[in-house]
Amino acid sequence: MKADTRKVRVTVMLKQGVLDPQGEAVRHALGTMGFRGVEGVRQGKLIELDVTSGTTESDVTAMCDKLLANTVIESYRIEM
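Report on the accompanying structure.

The next subject is the overall build of the protein chain. What the protein chain contains, in helices and strands, is two helices and three strands. Listing each helix as α and each strand as β along the protein chain from the N terminus yields β-α-β-α-β. Against the compact-globule benchmark of 12 Å for 80 residues, the protein chain has a radius of gyration of 16 Å, which places it well outside the compact range. Summarising its shape, the C-alpha atoms of the protein chain cover approximately 50 × 30 × 15 Å along the three principal directions. A sequence separation of at least 24 residues applies to 70% of the contacts in the protein chain between residues at least 6 apart. Entry remark: accessible area of the protein chain is about 5700 Å², with carbon and sulfur atoms responsible for 55%. Computed over 11 positive and 11 negative side-chain charges, the inter-centroid distance for the protein chain is 2 Å.

Looking now at helix 2 (residues 57-68). End to end, helix 2 covers just 14 Å across twelve residues, shorter than the expected 16 Å (1.5 Å per residue, more than 12% under). The set of residues buried in helix 2 consists of Val60, Cys64 and Leu68. The buried residues of helix 2 occupy one face: seen down the axis, they fall within an arc of 50°. Exposed residues on helix 2 whose side chains face more than 90 degrees from its buried face are Ser58 and Lys66. Of the surrounding secondary structure, the elements contacted by the buried residues of helix 2 are strand 1 (5-14), strand 2 (44-52) and strand 3 (74-79).

Turning our eyes to something else, we now look at the side chain of Asp20. Mapped onto the fold, Asp20 is located in the loop between strand 1 and helix 1 (21-32). Put simply, Asp20 is tucked away with no salt bridge, and the nearest opposite charge, on Arg42, sits 4.3 Å away. A distance of 2.7 Å separates a polar side-chain atom of Asp20 from the backbone nitrogen of Gln43. Setting aside residues no more than four positions away along its own chain, Asp20 makes contact with Leu14, Val41, Arg42 and Gln43.

Now for the sheet that holds strand 1. The strands that make up a sheet pair up through hydrogen bonds in the backbone, lying either parallel or antiparallel. The strand order across the open sheet formed by three strands is 2-1-3, and the pairing between neighbours is antiparallel. The open sheet has two free edges, formed respectively by strand 2 and strand 3, since each of these has just one partner strand. Each strand axis lies, on average, 25° off the axis of its neighbour in the sheet, ignoring direction. One ladder, built from nine bridges, connects strand 1 with strand 2; its direction is antiparallel. What sits directly across from Val12, in strand 2, is Lys45. The sheet contacts of helix 2 involve strand 1, strand 2 and strand 3, and relative to strand 3 the element is tilted by about 155°.

The next point concerns helix 1. Between the first and last C-alpha of helix 1 there are 16 Å, a value that for twelve residues agrees with the 16 Å anticipated at 1.5 Å per step. Looking one or two places after helix 1, you find Gly34, whose phi comes out positive at around 100°.

Conventions used here
- Residues numbered from 1 in each chain as written.
- Predicted model: local features only at pLDDT ≥ 70, side-chain atom pairs only at ≥ 80, totals over all residues.
- Heavy atoms only, no water.
- Helix = DSSP H or I, 4+ residues; strand = E, 2+ residues; numbered from the N terminus.
- Rg over C-alpha atoms; globule rule 2.2 N^0.38 Å.
- Contact = heavy atoms within 4.5 Å.
- Areas by Shrake-Rupley, 256 points an atom, 1.4 Å probe, with all protein chains shown as cover.
- Lys, Arg positive; Asp, Glu negative; His and termini not counted.
- Charge placed at Lys NZ, Arg CZ, Asp CG, Glu CD.
- Expected span 1.5 Å × (residues − 1).
- Buried < 20%, exposed > 50% of the residue type's maximum accessible area, 1.4 Å probe, protein only.
- Arc of directions from axis to C-beta.
- Salt bridge = Lys/Arg side-chain N within 4 Å of Asp/Glu carboxyl O.
- Polar contact = N/O pair within 3.5 Å; in protein donor to acceptor, adjacent residues only side chain to side chain.
- Pairing = 2+ DSSP bridges.
- Axes fitted to C-alpha atoms, helices over the stretch in contact; angles between N-to-C directions.

The following block contains the structure:
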C-alpha cells in the first residue's frame, strides 16, 4: 500500500428476511461435525479497498450502491 492510500473495509450481508442458503449449509455442517448450539448462520463478504486520501465515504457509498452490493437484497457497512 502506498503512503498516500488507506484501507477501507466494506462488509456486505444479506438483509434480514432474505433466505441465506450458504449460511444454512454452514449451520448444518457445523451440527454434523458435532458443534451444538448454533441456531443460525448468516454469511456475507468482506471487501477491502486501498483508496487514495481524497476518497470520501460518499465515494465508497456510491461504489457499494453501483457495484459492491446488491442493495435489493443486501445491506452494507463501511469502515473508513
